[in-house]
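Chain by chain, the residues:
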Amino acid sequence: MNPTDTKTMQSATADPDSADAAAPAMIEVENLDFFYGQAQALHDVSIRIPANKVTAFIGPSGCGKSTLLRCFNRMNDLIDVARIDAGRIKIHGVDIHHADVDVIALRRQVGMVFQKSNPFPKSIYENITYGLQIQGVKDRKQLDEVVEKSLRGAALWDEVKDRLHTSGLGLSGGQQQRLCIARAIAVEPSIILMDEPCSALDPIATSKVEELIQQLKTKYTIVIVTHNMQQAGRCSDQTAFFYLGKLIEYSKTEKIFTNPAQKQTEDYITGRFG
Amino acid sequence: MSPTPSPSARPISEALLNRNRFRFLGLTPGEIIKYFFNGNAVVAIVVLALITIFLFREGAGFFGQNMQNLRIYRLAGLEYVDFIRRQVDEHTAMNRALNESRLAQFNRLTAAGRTVEEVNTALAPFDAFATAFGDSVEDVRGVLSDLTEVATAIKQKDQVNRDRLEQKAMLLGAGKSDEADKITVTPVDFAKETVTLKGTFPACQAANQQFAGKLQAALATAPAMPEAKLQKQIDTVQAQAQALIASLPEIERQMQEWKHDAPIPLSRSFTSFLFGRQWLTASFWQDWYGIIPLFVGSLLVSIIALTIAVPLGVSAAIYVSEIASVREKNFIKPCIEFISAIPSVVLGFFGIAMLGTALRALSQVSWLSWFPGFPMSERLNSLTAGCLLALMAVPTIFSLAEDALNNVPKHFKEASYALGANRFQTIVRILVPASLSGIISAILLGFGRVIGETMVVLLCAGNRIAIPNFTEGLGAFFQPVHTMTGIIAQEMGEVVTGSIHYRALFMVGIVLFLLSLGINYVAQLIVRRYRISIG
Ligand SMILES: Nc1ncnc2c1ncn2[C@@H]1O[C@H](COP(=O)(O)OP(=O)(O)O)[C@@H](O)[C@H]1O
Ligand SMILES: [Mg+2]
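All of these numbers come straight from a predicted model, not from anything done at the bench.

### Quick look at the overall build of chain B
- In terms of regular secondary structure, chain B is built from 21 helices and two strands.
- Here chain B has a C-alpha radius of gyration of 34 Å; the compact-globule value for 535 residues is 24 Å, and the former is much larger.
- Looking at chain B as a whole, 41% of its 535 residues qualify as buried.
- Summed over its atoms, the accessible surface of chain B is roughly 28,800 Å², and 63% of this surface lies on carbon and sulfur atoms.
- Separation of charge centres in chain B, based on 46 positive and 42 negative side chains, amounts to 11 Å.

### Side note on the domain arrangement of chain B
- Taken as a whole, chain B is organised into domain 1 (9–59), domain 2 (72–269) and domain 3 (293–311 + 344–534).
- For domain 2 of chain B and domain 3 of chain B, the distance between their C-alpha centres works out to 39 Å.

### Concerning the pattern of salt bridges
- Counted by the stated rule, this structure contains 25 salt bridges over all chains.
- As a salt-bridge pair, E30(A) and R88(A) come within 3.4 Å of each other at their nearest N and O atoms. Highlighted residues: E30(A) in strand 1 (residues 25–36) and R88(A) in strand 4 (residues 82–91), separated in sequence by 58 residues.
- Residue E30(A) is classed as buried on the basis of its relative accessible area, which comes to 4%.
- R88(A) sits in the partly exposed class, given a relative accessible area of 33%.
- K157(B) is paired through a salt bridge with E193(B); the nearest N and O atoms lie 2.6 Å apart.

### Brief notes about the interface of chain A and chain B
- With 25 residues of chain A at the contact, the number on the chain B side is 17 residues.
- Here chain A and chain B share an interface that buries about 1,800 Å² over both sides, 66% of which is from carbon and sulfur atoms.
- Across the salt bridge formed by E414(B) and R70(A), the nearest N and O atoms sit 3.1 Å from each other.
- Counting every contact that joins chain A to chain B gives six residue pairs in polar contact (both at pLDDT 80 or more).

### Some remarks on the packing of helix 6 (residues 138–173) of chain B against helix 9 (residues 201–220) of chain B
Residue and element names in this part refer to chain B.
- The interhelical angle for the contact between helix 6 and helix 9, taken along N-to-C directions, is 150 degrees, at an axis separation of 8 Å. By the angle class used here, helix 6 and helix 9 are roughly antiparallel. Contact residues: D139, V140, V143 and L147 in helix 6; A203, C204, A207, N208, Q210, F211 and K214 in helix 9.

### Points about the confidence of the model for chain B
Residue and element names in this part refer to chain B.
- The predicted model of chain B has a mean per-residue pLDDT of 87, with 96% of residues at 70 or higher.
- Taking the mean pLDDT of every element in chain B, the minimum, 74, falls on helix 1 (residues 12–16) and the maximum, 94, on helix 12 (residues 292–323).
- As scored by the predictor, the complex reaches a pTM of 0.80 and an ipTM of 0.87.

### Structural notes on empty space enclosed by the protein
Residue and element names in this part refer to chain B.
- Applying the stated rule across the entire model yields two cavities of 30 Å³ or more.
- Of the voids in this model, the second largest cavity is the one considered here, and its volume is about 40 Å³.
- What lines the second largest cavity is S298, V301, S302, L389, V450, I451, E453, V457, T483 and T485.
- If you list the elements that add at least two residues to the lining of the second largest cavity, you get helix 12 and helix 18 (436–451).
- For the lining of the second largest cavity, the leading source of residues is helix 12, giving three residues.
- Across the lining of the second largest cavity, the residue classes break down as five nonpolar, four polar and one charged.

### What about the site of ligand 1?
Residue and element names in this part refer to chain A.
- Every residue lining ligand 1 is accounted for by Y36, A41, S61, G62, C63, G64, K65, S66, T67 and I79.
- Here an oxygen atom of ligand 1 sits 2.9 Å away from a polar atom, N or O, in the main chain of K65.
- Between T67 and ligand 1, the recorded distance is 2.4 Å, taken from a side-chain N or O atom to an oxygen atom.
- Coverage of ligand 1 by the protein chains reaches 57% of its 560 Å² of free accessible surface.
- No other element matches helix 1 (residues 65–72), which puts three residues into the shell around ligand 1.
- Here the residues of the shell around ligand 1 are counted per class, giving four nonpolar, five polar and one charged.

### Quick word on the packing of aromatic side chains
- Per the stated rule, a full pass over the model turns up 19 aromatic pairs over all chains.
- A centroid spacing of 5.2 Å and a plane angle of 75 degrees characterise the contact between F36(B) and F37(B), whose relative ring orientation is edge-to-face. Here F36(B) and F37(B) have matching classes, each one exposed.
- Among the aromatic residues, ring-to-ring pairing joins F62(B), F63(B), F270(B), F273(B), W279(B) and Y289(B) into one connected group.
- Across from the ring centre of F120(A), 4.6 Å away, lies the NZ or CZ of R183(A), which sits over that ring.
- Sitting over the ring of W285(B), R85(B) keeps its end group 4.2 Å from the ring centre.

### Details of the sheet that holds strand 4 of chain A
Residues and elements named next belong to chain A.
- Strand order in the open sheet formed by four strands is 2-1-4-5, with antiparallel pairing between adjacent strands. Taken across any chain shown, the strands that pair with only one partner, and hence form the sheet edges, are strand 2 (39–50) and strand 5 (94–95).
- Where strand 4 lies against strand 5, two bridges are found, and the strand directions are antiparallel. The residue bridging I91 from the neighbouring strand is V94, located in strand 5.

### Digging into the state of the cysteines
All names here are of chain A.
- Within the structure shown, the criterion is met by zero disulfides over all chains.
- Free cysteine: C180, not disulfide-bonded; nearest cysteine sulfur from C198 at 12 Å.
- C180 gets classed as buried once you look at its relative accessible area, which sits at 2%.
- Summary of cysteine pairing: C198 is not part of a disulfide, and the nearest cysteine sulfur, belonging to C235, is at 7.5 Å.
- With a relative accessible area of 8%, C198 lands in the buried category.

### Considering the packing of helix 3 (residues 78–111) of chain B against helix 6 of chain B
All names here are of chain B.
- The contact between helix 3 and helix 6 brings their axes to 9 Å, and the two run at 155 degrees. The pairing of helix 3 with helix 6 is recorded here as roughly antiparallel in orientation. Note that helix 3 runs across helix 6; the crossing there is left-handed. Residue-level contacts link L78, V81, I84, R85, Q87 and V88 of helix 3 to V140, R141, V143, L144, L147, T148, A151 and K155 of helix 6.
- Split into classes, the residues belonging to the contact of helix 3 with helix 6 amount to nine nonpolar, two polar and three charged.

### Observations concerning the layout of surface pockets
Residue and element names in this part refer to chain B.
- Of the voids in this model, the second largest pocket is the one considered here, and its volume is about 890 Å³.
- Lining the second largest pocket are 29 residues, and of these N69, Q159, R162, D287 and I500 lie nearest its centre.
- For the lining of the second largest pocket, the secondary-structure elements that each account for two or more residues are helix 2 (29–75), helix 6 and helix 21 (500–534).
- By residue number, the principal contributor to the lining of the second largest pocket is helix 6, which donates eight residues.

### Thoughts on the pairing of strand 6 (residues 110–113) of chain A
Residues and elements named next belong to chain A.
- Residues V110 and M112 line one face of strand 6 and the alternating positions G111 and V113 line the opposite face, and both faces are buried.
- Where strand 6 and strand 7 (residues 191–195) come together, four bridges link them in parallel fashion. Looking at the pairing, V110 lines up with I191 of strand 7.

### Looking at the nonpolar core
- Grouped together as the largest cluster of nonpolar side chains are 95 residues, with contacts concentrated most on I27(A), F57(A) and F72(A).
- If sequence neighbours within four positions are ignored, I27(A) has contacts with I47(A), R48(A), I49(A), F72(A), I89(A), K90(A), I91(A), I191(A) and V223(A).
- Core analysis: the second largest hydrophobic core is formed by 46 residues, V81(B), V140(B), L219(B) and V237(B) among them.

Quick notes on the rules
- Residues numbered from 1 in each chain as written.
- Chains lettered and ligands numbered in written order.
- Predicted model: local features only at pLDDT ≥ 70, side-chain atom pairs only at ≥ 80, totals over all residues.
- Heavy atoms only, no water.
- Helix = DSSP H or I, 4+ residues; strand = E, 2+ residues; numbered from the N terminus.
- Rg over C-alpha atoms; globule rule 2.2 N^0.38 Å.
- Buried < 20%, exposed > 50% of the residue type's maximum accessible area, 1.4 Å probe, protein only.
- Areas by Shrake-Rupley, 256 points an atom, 1.4 Å probe, with all protein chains shown as cover.
- Lys, Arg positive; Asp, Glu negative; His and termini not counted.
- Charge placed at Lys NZ, Arg CZ, Asp CG, Glu CD.
- Domains from an automatic or database assignment.
- Salt bridge = Lys/Arg side-chain N within 4 Å of Asp/Glu carboxyl O.
- Contact = heavy atoms within 4.5 Å.
- Buried area = accessible area lost by both parts, 1.4 Å probe.
- Polar contact = N/O pair within 3.5 Å; in protein donor to acceptor, adjacent residues only side chain to side chain.
- Axes fitted to C-alpha atoms, helices over the stretch in contact; angles between N-to-C directions.
- Parallel < 35°, antiparallel > 145°, perpendicular 65-115°, else oblique.
- pLDDT = per-residue confidence, 0-100.
- 1 Å grid on protein atoms, 1.4 Å probe; cavity = no way out; pocket = protein on both sides within 12 Å on 5 of 7 lines; lining within 4 Å.
- Points joined across faces, edges and corners; volume = space filled by probe spheres on them.
- Nonpolar A, V, L, I, M, F, W, Y, C, P; charged D, E, K, R; others polar.
- Near = heavy atom within 4 Å.
- Phe/Tyr/Trp six-rings, centres within 6.5 Å; stacked < 30°, edge-to-face > 60°.
- Lys NZ or Arg CZ within 6 Å of the ring centre and 35° of its normal.
- Pairing = 2+ DSSP bridges.
- Disulfide = S-S within 2.5 Å.
- Left-handed = near helix turned anticlockwise from the far one by under 90°.
- Core = buried A, V, L, I, M, F, W, Y, C linked by side-chain atoms within 4.5 Å.

Right, here's the structure in full:
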């Protein structure tokens, strides 16, 4: 991991004040302004996301959480009208919009799990191996190993090991979402982005995914968007609160939930709006 | 009801019952709208039913008439004569092959710098052989022409009788019974008439013997060819001639066993239509209504059209839905859809005036001569028509395939990109498989569009009613054909209403109708069955 450069952050909320400031940042965002056409979705956002921690993004709908998340693997490139006007995003210290950055390689480093579970209409096995096959891996033995390892990593192996070659769409909602996580970790990323991964799941499936997130954190840096306050409280180390495209407060999770610095944060957490 | 109603408000019960609503013929506006759309749907269904009934009513009579046609063929002894005619026809075909071979040799030698006289002397042995070969059939030909006369006479007599009967029936129908009585009809005694035919059997046998002997002698004089390719042609003729000689005893046996009144199975009437390899009308001898040449023609033209249109249409759809920028999309889509606005007669005109000539000129380019079937002998052929039909199928395939691609849920695409796939991989591995059912049904509907198209094939397919010679491999695609749609458009104007020819055309129409129905049905089935797997 590259040492972070020591440029001072302009935004007051850039660093989680009480977070171990020495911990190397995996993702650094500096003064990001993001637009969809004429509409500005992110205003001067700066944030440092530490490695091997779970960072939660919370905030009312439409405040730009997904937009920021999708900046990290440049998924917004797919949207014609999306554009970044100012600011930088660095991952491992590398500016991801630098001309030499290969977006394909970036996306292999930064995996993503979507709000709606979206396994391909293919078998479970093919879903997991897709990311490797497009890299040209053909060796059957290697693929078999990756499938088992990824499914075990996603705590799904025992449930599906006898039906690897049946359609991924035949699984339950929670299993599908864990399949998507397995698919993401099969290409061995260092960061996993999750955009409201549990919003369509029932409480039991949700708790399984949350448990999984705790296990994954030892190996991966995780950024999770959620609108479920309890979920953020239960499984994240850091929490960032966004409001109207601005980062309002970013701090250790206990601090945000017990002693927020900003009035807006407190109002949101206590349910007075949002 | 509210206990303290304000004086201005009507009681609720009053508000619920609206007695003076607008009504027209006792119908409320809602009902009128409902019946209007309902009525339109009913009209569509009724029209479809009427067309179907009409088609089948007009076509159904064909089988009875065809049966009659086949019966006369046997009763009047035409079938008997055709045993011999077949030998002559086969011989003629071989003779043609020999003529072609001579031409090839001639060209080869003149190209080598010899003068015409020199070439002719060099080819003298071959000419002697060819003449002997050609003359060997003379005896059989003589017998054939005698027999043809006899059989034609019998058929004619029967036809005259039939006309008289019809006239009589008409007069009777009009109440002029005394005039009707004046017309006498003596039914043809086929047994007696065909005796003359069968009586010629010894003469036939003698002629065959002569034929076999002379042919055998001629074959023995076949000169060796200077080139392997030419030698192969001659060898083929040799083999065919030997096979013909060997088949003579069998033919004679069949002639002997032939009976004018042997029963014809009813199914023959169907099979001779569905599997008949000849469509021959208004012939002096015997009419045949076999759909195969037309069916094969339609199919061949459609295959060419789809081979061109499917890659074009599907790729364009992929480009527009996945790769093109908004501006490109707004330009390309209307352009392709505009193609379908070109009247087909204009396309046909373009085909005759430009494309046919251009394609033939291309086929005559010397460095392309290795291509099978090149140079093309005809300007208008399946390829010319197929190219234009492809143009007509592209908009159909493009629009439907594009819809199918757009219907693939966006999250499949995102998941693929998020795993580090590039655009090409996402298209090939995710988008196309996920929309495959839609793409296949787009292709099927394009096929339906092509097989039902008339004007272009009528103008550009060359209109030769014959099954293409598939032994030429790819060359079969450059031969003129006739199609099911083309034949109906061409002949329907000339036929007598109610005649067998008229009904045969209706039968062709029914086959087309069922084919299109089948294609559409399968396309819908595919879309419905696999829609779930798209997501
Ligand atoms: N593809 C898009 N095109 C235009 N505007 C968008 C697009 N996606 C999101 N937005 C807008 O950007 C803002 C932030 O959206 P988003 O990041 O999805 O919010 P969140 O995930 O916090 O609910 C919203 O106002 C939304 O309407
Ligand atoms: Mg969102």
